[in-house]
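This is what each chain is made of:
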Amino acid sequence: MYLLVDAHTPNDIKVVYNGRNPDKDGEPDKRTTPNQWLDIDSKWFELKGNDCCESDLTKEQIKNIATSATDANIREHIKGINESFEDNEINTCLRKIHYLAQLIHESGSFRYTEEIGASETDYGGFKGRGLIQLTFKSNYEAYGEFVDEDFTSSQKNKEKLEDDPHAAKSAGWFWGQKAKLNDEADNNDFIFITRLINGGFNGYNDRLKYVKKGFKELYNSCSNKKSDTTDYKFNESEAYNDKRASFAWGLWHDPDLSKSGCTKDKTKSLEGYERFIELTDSSYSKKNWYGIKSISNFSSIKKSTGEGKNKKYYVKVREAAELRIKALKNEK
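Residues numbered from 1 in each chain as written. Predicted model: local features only at pLDDT ≥ 70, side-chain atom pairs only at ≥ 80, totals over all residues. Heavy atoms only, no water.

1. Looking at the nonpolar core
Taken as a class, soluble globular proteins show a tendency for nonpolar side chains to be buried jointly. Condition: Put simply, a nonpolar core is a bunch of buried Ala, Val, Leu, Ile, Met, Phe, Trp, Tyr and Cys residues held in one set by side-chain atoms that sit within 4.5 Å of each other. The rule is simple: take the accessible area with a 1.4 Å probe, protein chains only, and divide by the maximum for that residue type; under 20% is buried, over 50% is exposed, in between is partly exposed. By definition, any uninterrupted DSSP run of H or I lasting at least four residues is a helix, any uninterrupted run of E lasting at least two residues is a strand, and each is numbered from the N terminus. Residues are treated as being in contact if the distance between any of their heavy atoms lies within 4.5 Å.
L103, F110, Y204, F247, L251, I292 and F298 are the most contacted members of the largest nonpolar core, which has 78 residues in total. Take this core: its biggest share by element is eight residues, from helix α3 (residues 93-106). Setting aside anything within four residues of it in sequence, one finds Y204 in contact with F190, I191, T194, Y232, W249, G261 and C262.

Okay, structure coming up:
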């Protein structure tokens, strides 16, 4: 009798063996031990399924995470996605989930592989391309060195980043080699990953949606899982120790401002602004983060330097945080 199994056979399968035990002089034996089998030499062995963390993802698995992606776009990029896992040690379910969530959002569910609205002269002639929008010649060159291929010497070579496999593989290079985000994924630090990918928190809710779908599809059944929460807390993230991330957390959650992508929340906004104040002192002089000089709520603290054509406006970040804390607390 032969029992056919594949990589999807659960590791806790139970098969009753009713026969003679070759290890005990052929005496009768009845076993119900999970995964105990006799090989062709009558030796007992345990069935080991493929490691779910290191297995390639199927089109169906990706579709269950990227639910708005077309089948055609998934087919177009699945080869590159799986190769990007292997090339950049994205070799656990948790790493795959966080990587894919950012990739799906940044590419509009695998629709966009070149920056919308950018000209061929932007970024020094190297506009955003690939599923995570690689920009600038230095990054084109660094990725080219990584895969030993030319992406800079002609328009045709540049455009290779828009197609499979390089659209996904360049995204994997950025994740694993440039930004080095596997450690953050191991820590399940979605907040800090989003800050490092986006710079702020644009699309935060959308990215989180894909993380949750990834947990459902991959992580809930992962044999190597360590953490199962998608209820992320700012004070538990590495972002809590990052000045720019703290200010951004306040800015994007601020119910009186127009930054989009996060659910507006006064408490979370205050948490970010107040943490930024804790991380700085009164001499902190950084200016104009996240376009705050153009936000009307900060017009009362806008200052200028220079005259005539050289006149430039600025808003100090610390003053902006202090102003918003007072406004949110209804203080004068």
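2. Describing the packing of helix α11 (residues 266-279) against helix α12 (residues 317-328)
As a reminder of what qualifies: Geometry is summarised by axes, namely lines fitted to C-alpha atoms with helices restricted to the contacting stretch, and by angles between N-to-C directions that run from 0 to 180 degrees. Each crossing is labelled by how the near helix is turned from the far one, with a counterclockwise turn of less than a right angle marking it left-handed and a clockwise turn marking it right-handed. Classes in brief: Ala, Val, Leu, Ile, Met, Phe, Trp, Tyr, Cys and Pro nonpolar; Asp, Glu, Lys and Arg charged; the others, Gly included, polar.
It is at 9 Å that the axes of α11 and α12 come closest, and there the two elements cross at 140°. By crossing handedness, the relation of α11 to α12 is classed as left-handed. Residues K266, S269, L270, Y273, E274, F276 and I277 of α11 pack against V317, R318, A321, E322, R324, I325 and L328 of α12. Grouping the constituent residues of the contact of α11 with α12 by class yields eight nonpolar, one polar and five charged.

3. Points about the side chain of R129
This is how it is decided: A 3.5 Å cut-off defines polar contacts: any pair of N or O atoms within that distance qualifies, except that in protein one atom must be a possible hydrogen donor and the other a possible acceptor, and neighbouring residues in sequence count only when both atoms are side-chain atoms.
Tracing the sequence through the fold places R129 in the loop between α3 and α4 (137-147). Given a relative accessible area of 0%, R129 falls into the buried group. Among the polar contacts listed, one links the side chain of R129 to the side chain of Y140, at a separation of 3.0 Å. Here E162 takes part through its side chain, which lies 2.6 Å from a polar atom of the side chain of R129. Residues within four places of R129 in sequence aside, it is in contact with T113, E114, E120, L134, Y140, Q155, K158, E159, L161 and E162.

4. Side note on unusual backbone geometry
Look at the link from D164 to P165: it is a cis peptide, with omega at 5°. Checked against the element boundaries, P165 lands in the loop between α5 (155-158) and α6 (166-178). Its identity as a non-glycine residue notwithstanding, F110 has a phi of 70°, on the positive side. As for its placement among the helices and strands, F110 is situated in the loop between α3 and α4. Residue class for F110 comes out buried when judged on its relative accessible area of 1%. Despite not being glycine, N188 has its phi angle at roughly 55°, a positive value.

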